[in-house]
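Commentary on secondary and tertiary structure
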Amino acid sequence: MSSSIVVAPSLLAADFARLGEEVRAIESAGADWLHLDVMDGHFVPNISFGPAIIKALRKHTTLPFDVHLMIAPADPYLAAFADAGANHIAVHPEASPHLHRSLQAIRALGCKAGVVLNPATPIETIAWALDLIDIVMVMTVNPGFGGQAFIESQLGKIAALRTLIDSTGRPIALQVDGGITTITAPKVIAAGADTLVAGTAVFGAPDYATAIAALRGPA
Ligand code: DX5
Ligand code: ZN
């Protein structure tokens with residue numbers, strides 16, 4: 001069961017002076033996806049990187065690029081991220097006025113479409129867009145920074161989303177982002193998550209392969 005857990009290290013915790021090398025190392029270490037946190041200093045109180053950096057990294061790895069947009073508005077930039085090599089693009093419902101339209105646009109660009117739910121955002125937000133969603137991401141911290149403490153109240157939301165996703169019969173990934181460690185990973189997996197984002201717990205570890213395997217849990 002847990003051998004099917006997808007691990008997506010977040011580049012936010014990598015050494016920004018050696019990004020190409022870091023991406024190659026994480027692929028060798030067994031990562032499944034590369035999670036790319038894009039922050040604009042407006043939707044979230046931090047600034048990270050944009051499509052130019054993602055495009056430069058594209059030639060360093062064949063890992064799927066899992067792009068998490070923390071920018072508002074998001075719609076005007078979707079094509080730029082697809083062109084840069086994004087395979088998945090996830091948006092926050094609060095960041096653009098029409099979630100359904102954003103998801104249609106992401107799909108039309110040939111990418112998998114994700115929706116990210118902040119800790120206070122209810123699951124009902126996505127109920128009428130599930131047919132367009134490939135990935136649901138539950139924020140277990142408030143977005144903006146790596147290294148924050150896991151918000152336990154989200155375990156109930158993850159369990160409720162597991163039931164909702166199963167009711168669709170569609171292969172929608174249930175991803176968790178924020179404060180994922182070897183302590184919290186088993187909790188979110190038990191609640192029904194199948195995909196783990198981890199920044200500090202992977203890039204802050206002395207051995208990336210060991211860290212990724214530890215998050216995935218027993219085979
Ligand atoms: C936070 C980002 C996360 C972050 C996770 O806004 O969306 O992806 O990198 O970092 P850790 O794993 O350190 O909580
Ligand atoms: Zn993220």
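Topic: the overall build of the protein chain
On a plain count of helices and strands, the protein chain comes out with eight helices and eight strands. For 219 residues, the compact-globule estimate of 2.2 N^0.38 gives 17 Å, and the C-alpha radius of gyration of the protein chain, at 16 Å, lies within 12% of that figure. For the protein chain, buried positions account for 53% of its 219 residues. Across the protein chain, contacts joining residues at least 24 apart in sequence account for 64% of those joining residues at least 6 apart. Counting only carbon and sulfur atoms, one obtains 60% of the accessible surface of the protein chain, whose full area is about 9100 Å². Within the protein chain, the 19 negative side-chain charges are centred at a point lying 4 Å from the centre of the 13 positive side-chain charges.

Thoughts on the pattern of salt bridges
With the rule as written, the count across this model stands at nine salt bridges. Arg 107 is the partner of Asp 134 in a salt bridge, and the nearest nitrogen-oxygen pair spans 3.1 Å. Taken together, the residues Asp 134 in the loop between strand E5 (112-117) and strand E6 (135-139) and Arg 107 in helix H4 (residues 99-108) connect sequence positions 27 residues apart. The salt bridge involving Glu 152 is made with Lys 187; its shortest N-O contact spans 2.8 Å.

Remarks on the site of ligand 1
In the region of ligand 1, 20 residues are neighbours, and Gly 144, Asp 177, Gly 179, Gly 199 and Thr 200 sit closest. Contact between ligand 1 and Gly 144: an oxygen atom at 2.7 Å from a main-chain N or O atom of the residue. In this structure, Gly 199 approaches ligand 1 through a main-chain N or O atom, which is 2.8 Å from an oxygen atom. Protein contacts shield 99% of the accessible area of ligand 1, which totals 380 Å² for the unbound molecule. Contributions of two or more residues to the shell around ligand 1 are made by strand E2 (34-39), strand E3 (65-70) and strand E8 (195-198).

Digging into the coordination of the zinc ion (ligand 2)
Protein-derived coordination of the zinc ion (ligand 2) comes from His 35 (NE2), Asp 37 (OD), His 68 (ND1) and Asp 177 (OD), at a distance range of 2.0 to 2.3 Å. Around the zinc ion (ligand 2) sit six donor atoms, and with donor-metal-donor angles ranging over 70 to 167° the site reads as octahedral.

Description of the nonpolar core
In this structure, Leu 11 and Leu 69 are the most contacted members of the largest nonpolar core, which totals 63 residues. Those residues in contact with Leu 69 that lie beyond four places of it in its chain are Val 38, Ala 74, Leu 78, Phe 81, Ile 89, Ala 90, Val 91 and His 92. Judged by nonpolar contacts, the second largest core, of six residues, contains Val 6, Ala 8, Trp 33 and Ile 135.

Observations concerning the packing of aromatic side chains
If you walk through the whole model with that rule in mind, you get two aromatic pairs. Between the aromatic rings of Phe 16 and Phe 49, the centroid separation amounts to 6.0 Å while the plane-to-plane angle is 65°, which identifies the pairing as edge-to-face. Placement of the pair is Phe 16 in the loop between strand E1 (6-9) and helix H1 (19-28) and Phe 49 in the loop between E2 and helix H2 (51-58), with a sequence separation of 33 residues. Judged by its relative accessible area of 8%, Phe 49 falls in the buried class.

Quick word on helix H8 (residues 208-216)
Looking only at H8, the buried set comprises Tyr 208, Ala 211, Ile 212, Leu 215 and Arg 216. Here the buried residues of H8 occupy an arc of 135° about the axis, which is enough to place them on one side. Against E1, H1, helix H6 (185-191), E8 and helix H7 (200-203) lie the buried residues of H8. A distance of 3.3 Å separates the backbone nitrogen of Ala 209 from a side-chain oxygen at the start of H8, and that oxygen is part of Asp 207. One or two residues past the end of H8 sits Gly 217, with phi positive at roughly 85°.

Definitions and limits used
- Residues numbered from 1 in each chain as written.
- Chains lettered and ligands numbered in written order.
- Predicted model: local features only at pLDDT ≥ 70, side-chain atom pairs only at ≥ 80, totals over all residues.
- Heavy atoms only, no water.
- Helix = DSSP H or I, 4+ residues; strand = E, 2+ residues; numbered from the N terminus.
- Rg over C-alpha atoms; globule rule 2.2 N^0.38 Å.
- Buried < 20%, exposed > 50% of the residue type's maximum accessible area, 1.4 Å probe, protein only.
- Contact = heavy atoms within 4.5 Å.
- Areas by Shrake-Rupley, 256 points an atom, 1.4 Å probe, with all protein chains shown as cover.
- Lys, Arg positive; Asp, Glu negative; His and termini not counted.
- Charge placed at Lys NZ, Arg CZ, Asp CG, Glu CD.
- Salt bridge = Lys/Arg side-chain N within 4 Å of Asp/Glu carboxyl O.
- Near = heavy atom within 4 Å.
- Polar contact = N/O pair within 3.5 Å; in protein donor to acceptor, adjacent residues only side chain to side chain.
- Donors = N, O, S within 2.8 Å, 3.2 Å for Na, K, Ca; no water.
- Tetrahedral: all angles 85-135°; square planar, octahedral: opposite > 155°, others 65-115°.
- Core = buried A, V, L, I, M, F, W, Y, C linked by side-chain atoms within 4.5 Å.
- Phe/Tyr/Trp six-rings, centres within 6.5 Å; stacked < 30°, edge-to-face > 60°.
- Arc of directions from axis to C-beta.

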